[in-house]
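# Chain and residue survey
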Amino acid sequence: MFDKSTYVTRRENLKKEVESGILLFLGNEEQGLHYADNCFRYRQDSTFLYFFGITTPGLAAVIDIDNGNEILFGDELSMDAIVWMGNQPTLKEKASMAGISTVLPYSELKKYISKAASKGQKIHYLPTYRDEHKIKLSDLLNITFEQINPSVEFIKGVVSLRKNKTEEEIAEIEKACNITAEMHLAAMRALKDGMMEYEIASVVEAAAKSRGAELSFPTIATINGQTLHNHYYGNKANNGRMFLLDAGAEVESGYAGDMSSTFPVAEKFTSQQKEIYKIQNNMHYGAIEALKPGRRFEEVYDLSAQIMVNDMKDLGLMKGDAVEAVKAGAHALFYPHGLGHMMGLDVHDMENLGEVWVGYNGKPKSTQFGRKSLRLARELEPGFVLTIEPGVYFIPELIDMWRSEKRFEEFINYDEVEKYKNFGGIRNEEDYLITDDGSRRLGKRIPVFAEEVEAEKQKA
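The rules behind these values
Counting of residues starts from 1 at the beginning of each chain's written sequence and follows it residue by residue. Totals for whole chains, interfaces and linings use every residue, but because this is a predicted model, local features are given only for residues with pLDDT of at least 70 and side-chain atom pairs only at 80 or more, for both listing and counting. Water and hydrogen atoms play no part in the side-chain values, which are based on all heavy atoms of the structure. Elements are defined by DSSP. Helices are runs of H or I of four residues or more, strands are runs of E of two residues or more, and each kind is numbered from the N terminus. Think of it in three bands: with a 1.4 Å probe and only protein chains considered, a residue is buried below 20% of the maximum accessible area for its type, exposed above 50%, and partly exposed in between. Contact definition: two residues touch when any of their heavy atoms are within 4.5 Å. Surface accessibility follows the Shrake-Rupley procedure with a 1.4 Å probe radius. Residue values consider only the protein chains on display as shielding. Charge convention: Lys and Arg are scored as positive, Asp and Glu as negative, and His as well as the terminal groups of each chain are ignored. Where a charge lies is defined by one atom per residue type: Lys uses NZ, Arg uses CZ, Asp uses CG and Glu uses CD. Buried Ala, Val, Leu, Ile, Met, Phe, Trp, Tyr and Cys residues that are joined via side-chain atoms within 4.5 Å together make up what is termed a nonpolar core. Should DSSP find at least two bridges between two strands, the strands are regarded as paired. A patch consists of residues whose relative accessible area exceeds 30% and which take part in no salt bridge; residues with like charges are grouped when within 9 Å of each other, and nonpolar side chains (Val, Leu, Ile, Met, Phe, Trp, Tyr) when within 5 Å. Here, a salt bridge means any side-chain nitrogen of Lys or Arg that lies within 4 Å of a carboxyl oxygen of Asp or Glu. Lines fitted to C-alpha atoms define the axes, with helix axes restricted to the stretch in contact, and inter-axis angles between N-to-C directions lie between 0 and 180 degrees. The term polar contact refers here to a pair of N or O atoms within 3.5 Å; inside protein, the definition further demands a hydrogen-donor-capable atom paired with an acceptor-capable atom, and it admits residues adjacent in sequence only when both atoms are side-chain atoms. Only Asp, Glu, Lys and Arg are considered charged, only Ala, Val, Leu, Ile, Met, Phe, Trp, Tyr, Cys and Pro nonpolar, and every remaining residue, Gly among them, polar.

Okay, the overall build of the chain next. Summing up its helical and strand segments, the chain has 16 helices and 17 strands in all. Its C-alpha atoms give the chain principal-axis dimensions of roughly 70 × 45 × 40 Å. The buried share of the chain, taken over its 460 residues, is 55%. Contacts in the chain between residues at least 24 apart in sequence constitute 73% of all its contacts with a sequence separation of at least 6. Approximately 19800 Å² of the chain is accessible, and the part contributed by carbon and sulfur atoms is 49%. Both charge centroids of the chain, one from 55 positive and one from 70 negative side chains, sit 1 Å from each other.

Considering soluble globular proteins, one finds that nonpolar side chains tend to be buried as a cluster. Counting 127 residues, the largest nonpolar core has L14, F25, M308, M318, L386 and F394 as its most contacted members. A total of 10 residues in this core trace back to one element, the largest contributor, which is helix α8 (residues 167-190). Each residue touching F25, except ones within four places of it in the same chain, is listed here: L14, T47, F48, F51, F52, A60, A61, I63 and F154. Formed by 17 residues, the second largest nonpolar core is a distinct cluster that contains A60, I71, Y125 and L140.

On to unusual backbone geometry. Backbone geometry at N142 places phi at a positive 55°, although glycine is not the residue there. Topologically, N142 is positioned in the loop between α6 (131-141) and α7 (152-162). A relative accessible area of 70% means that N142 is categorised as exposed. The residue M350 is not glycine, and still its phi comes out positive at about 65°.

Moving on, we get to the pairing of strand β2 (residues 32-35). In this structure, β2 lies alongside strand β3 (residues 38-39), joined through two bridges in antiparallel fashion. Considered in β3, the bridge of Y35 is made with N38. Counted between consecutive antiparallel strands, the loop separating β2 from β3 contains two residues.

Moving on, we get to a nonpolar patch on the surface. On the surface, L77, M79, V83, W84 and M85 cluster together into a nonpolar patch covering about 640 Å² of accessible area. In this structure, M85 sits in helix α3 (residues 79-85).

Right, let's talk about the pairing of strand β1 (residues 22-26) for a bit. Summarising burial for β1: five of the five residues are buried, a large majority. The side-chain alternation of β1 yields two buried faces, one formed by I22, L24 and L26 and the other by L23 and F25. Bridge analysis of β1 against strand β7 (residues 123-124) gives two bridges, and the strand direction is parallel. Across the sheet, the residue bridging to I22 is I123, located in β7. Of the pairings in the sheet, the one linking β1 to strand β4 (residues 60-64) comprises five bridges and is antiparallel in character. Looking at the pairing, L24 lines up with V62 of β4.

Attention now goes to the sheet that holds strand β12 (residues 259-264). The three strands lie next to each other as β9-β10-β12, forming an open sheet whose pairing is antiparallel. Two strands bound the open sheet, and with one partner strand each, they are β9 (220-222) and β12. In this sheet, adjacent strand axes meet at a mean angle of 10° when their direction is disregarded. Where β9 meets strand β10 (residues 242-247), three bridges bridge the pair, whose relative direction is antiparallel. Within the sheet, the bridge partner assigned to T222 lies in β10 and is L244.

With that settled, the discussion passes to the environment of N239. Relative to the helices and strands, N239 resides in the loop between β9 and β10. Residue classification places N239 among the partly exposed residues on the basis of a relative accessible area of 45%. Along the primary structure N239 and P264 are separated by 25 residues, whereas in three dimensions their C-alpha atoms are 7.5 Å apart. When residues no more than four places from it in sequence are discounted, the contact partners of N239 are D193, V265 and A266. There is a polar contact of 3.4 Å between the side chain of N239 and the backbone nitrogen of A266.

This next bit is on the packing of helix α10 (residues 271-289) against helix α16 (residues 450-457). Between α10 and α16, the least distance of the axes is 10 Å, while the angle of their chain directions is 115°. Here K274, Y277 and N281 of α10 come into contact with α16, specifically with A450, E451, V453 and E454. In the contact of α10 with α16, the residues fall into three nonpolar, one polar and three charged.

Written out as structure tokens, the structure reads:
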């Protein structure tokens, strides 16, 4: 936890944002994996963590703006729980560390909410991402699941506060980024011809846990980099293939790192791999150079895509005007996702609150293939922490479909593309802080250029 003054200030600022009503916070419960006592790794809800800092399962809280009340609802450990889990600070002690003086049993929550509603107070709550939250809201508010309607004022208030990271938050994110870098370096050095993907996934997790961290999301460790979110680890890595790793660390405070790297199974890339790798490098650093406050992130995405089109033209894979190709969406055959996303207490920060509020400041998203996956498009501000992760992919099924439909033939040379259908995919990713006059990379640098990657592998 941070100092209690941090949480007190955050809650005071939130009251100013929303102005009136009851702010209802639902903490997370334990989740059974096979049965009740065999659970997934517990993680507190990030917004609850941001405003209260308490990681205990089974809690809720309210901020009653109208009456000036801040209350934590939960139950103290029973003796049976202490026998199995050991003694812990009381809820009152934990609440005090967050600047909360009133703690009530969880059973009092429904009474408090019902009484407030009967007096005409508006009950604000956030979007749900767990069924348990839907069930609780349905019970607390006496409504059906279909009637659950999250508060836009509450969403906008939380986004307004969480989007710009403070110095103490940046320090925690940088810790996570440093560990994340070590995870990638360990994988690069460990990978050898004939190894299984799961062996590298285990190296990555060990690198995190040996430094006191958890994974910030399920690791992607694959020779099939053309599959964007590939969580299967059963393939053998052989020389001539590339390996795509997307992995991040979460430190004790809950803040995340997120990096991607692509490296050869052998000590060196093939000449074809180096050609495409250079294109990704140009996209990557072209985007980084364009980062600055006041610039719309969608413009940076467009720039990265235009760089790719122009470089692909040099290889004969694309043709025509790069600006028009990107505007039409032809680039998405090779670049079907966004450029990056916000990062903080969530690896995709606040994504449960809705991309339209977090990444678009309330403006509608595009429905165009590729561009619709752009999670962040809004004007950049100092204090934003985000990823830069353009990629180049050759997805056989997508290539076949577009070619059969004669899609974007004015921009794509399908005969040349056929020569790359078994190539795979490349993505490199770093984490950046937007500063007053530009940007700063967070965490230890991992190799990004092909020559650097080859040199790192030769250290093993």
